[in-house]
Amino acid sequence: MRVVLGRDEVGEGSWAGVADRRAGPGARASGPVLAVDLSGDPLVFGTDPDHRLACRPLTPGDLEALARWVRHDHVARWWVERPTPRERVRSWIWEVNGRSVGYAQDYPLGSGVIGFDYLLGEPAYVGRGLGTSLLWVYLRDVVVPAYDGVRELVAAPDHRNAASRRVLRKVGATEGLWTDEPGSARTLVAHHLDVARVLA
Ligand SMILES: CC(C)(COP(=O)(O)OP(=O)(O)OC[C@H]1O[C@@H](n2cnc3c(N)ncnc32)[C@H](O)[C@@H]1OP(=O)(O)O)[C@@H](O)C(=O)NCCC(=O)NCCS
């Protein structure tokens, strides 16, 4: 089912909260209310009864799948390990109907600001809306509750990574500064997600 909200209908509440209330308990029985496309007006949410989406901590047993995923062309083109490893990185596996399909990580960047990266590794799952749904579940249910006082979530894909930039817009992030990454030829585009407005 779909929940379609005009931006001017949302008022002071968070988009996720208003969509949850609008969907009601009957709709939520078919799964959580997910972002479908929050990039424009109206905001479009929906449920997906065919896919059970989950996120669990990475274990050593997942490293083989992760190594395989980062070699697939659609990931290898864009996935770059940061030159300086970050401290306090939390690592997660994304699951669809109990099958491991992707990876995500989050880490503090500063006061109230959390960074995140993600990949949908299994090629058969790409391009079906699942990246958007998994990112939404991960950010709302795993990232936001873990950090006291979190105000903003930030990811910075390569400016040529159209799929990633589109998925970030679909979960309600807005585009910020373009920066040339020091020590590489890449230009990154920061995307910012306002936690109180979109997710809280
Ligand atoms: C980014 C990623 C998670 C998206 O997953 P996904 O399941 O394919 O995403 P969805 O199907 O939910 O949405 C993809 C959107 O990007 C669009 N898109 C995909 N390729 C595109 C391209 N080359 N140009 C423009 N838009 C493109 C799709 O049309 C879709 O938008 P739409 O629903 O408005 O049509 C997946 O492609 C991935 O893991 N990529 C490699 C790793 C990566 O780039 N990680 C991000 C690092 S910051």
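Preceding this paragraph is the structure being described.
Within every chain, residues take consecutive numbers counted from 1 along the sequence as written. Totals for whole chains, interfaces and linings use every residue, but because this is a predicted model, local features are given only for residues with pLDDT of at least 70 and side-chain atom pairs only at 80 or more, for both listing and counting. Hydrogen atoms and water are omitted, and side-chain values are computed over all heavy atoms in the structure.

A short note on the site of the ligand
Move 1: We call a residue near a given molecule or strand whenever any one of its heavy atoms falls within 4 Å of it. With respect to spatial proximity, 21 residues lie near the ligand, and among them Tyr118, Leu120, Thr132, Asn161 and Lys170 are the closest.
Move 2: Note that an oxygen atom of the ligand is positioned 2.8 Å from one of the backbone N or O atoms of Gly129.
Move 3: Pairs of N or O atoms within 3.5 Å make up the polar contacts considered here, provided that, within protein, one atom can donate a hydrogen while the other can accept it, and that residues adjacent in sequence are counted only when both atoms are side-chain atoms. The separation between an oxygen atom of the ligand and a polar main-chain atom of Gly131 is 2.8 Å.
Move 4: We get accessible surface area from the Shrake-Rupley algorithm with a probe of 1.4 Å; when it comes to residues, only the shown protein chains can shield them. Alone, the ligand offers 970 Å² of accessible surface; in the complex the protein occludes 70% of this.
Move 5: Cavities and pockets were defined on a 1 Å grid built from protein atoms only: a cavity is a group of points that admits a 1.4 Å probe but offers it no way out, a pocket is an open group of points flanked by protein on both sides within 12 Å along at least five of seven lines, and a lining residue is one with an atom within 4 Å of any such point. By definition, a pocket or cavity contains a molecule when more than half of the molecule's atoms lie within 2 Å of the pocket's grid points. Cavity membership is defined here by more than half of the atoms lying within 2 Å of grid points; on that basis the ligand lies in the largest pocket.

A short note on the pattern of salt bridges
Move 1: Salt bridge, as applied in this entry: a Lys or Arg side-chain nitrogen positioned within 4 Å of an Asp or Glu carboxyl oxygen. Using the criterion set out here, one finds 12 salt bridges in the structure.
Move 2: Taking the shortest distance from any N to any O, the salt bridge between Asp158 and Arg160 comes out at 2.8 Å.
Move 3: Residue Asp158 is classed as buried on the basis of its relative accessible area, which comes to 3%.
Move 4: The partner of Glu175 in a salt bridge is Arg165, and the shortest N-O contact between them spans 2.9 Å. Residue Glu175 is located in strand β9 (residues 174-180), and its partner Arg165 is located in helix α5 (residues 162-170); the two are separated by 10 residues in the primary sequence.
Move 5: By relative accessible area, which is 37% here, Glu175 ends up partly exposed.
Move 6: In this structure, a network of salt bridges that share partners links the residues Asp20, Arg140 and Asp141. Burial status follows relative accessibility: with a 1.4 Å probe on protein chains alone, a residue under 20% of its type maximum counts as buried, one over 50% as exposed, and anything between as partly exposed. Helical segments are the DSSP runs of H or I of at least four residues, strand segments are the runs of E of at least two, and each set is numbered from the N terminus.

Function-wise, these values are silent; they only describe arrangement.
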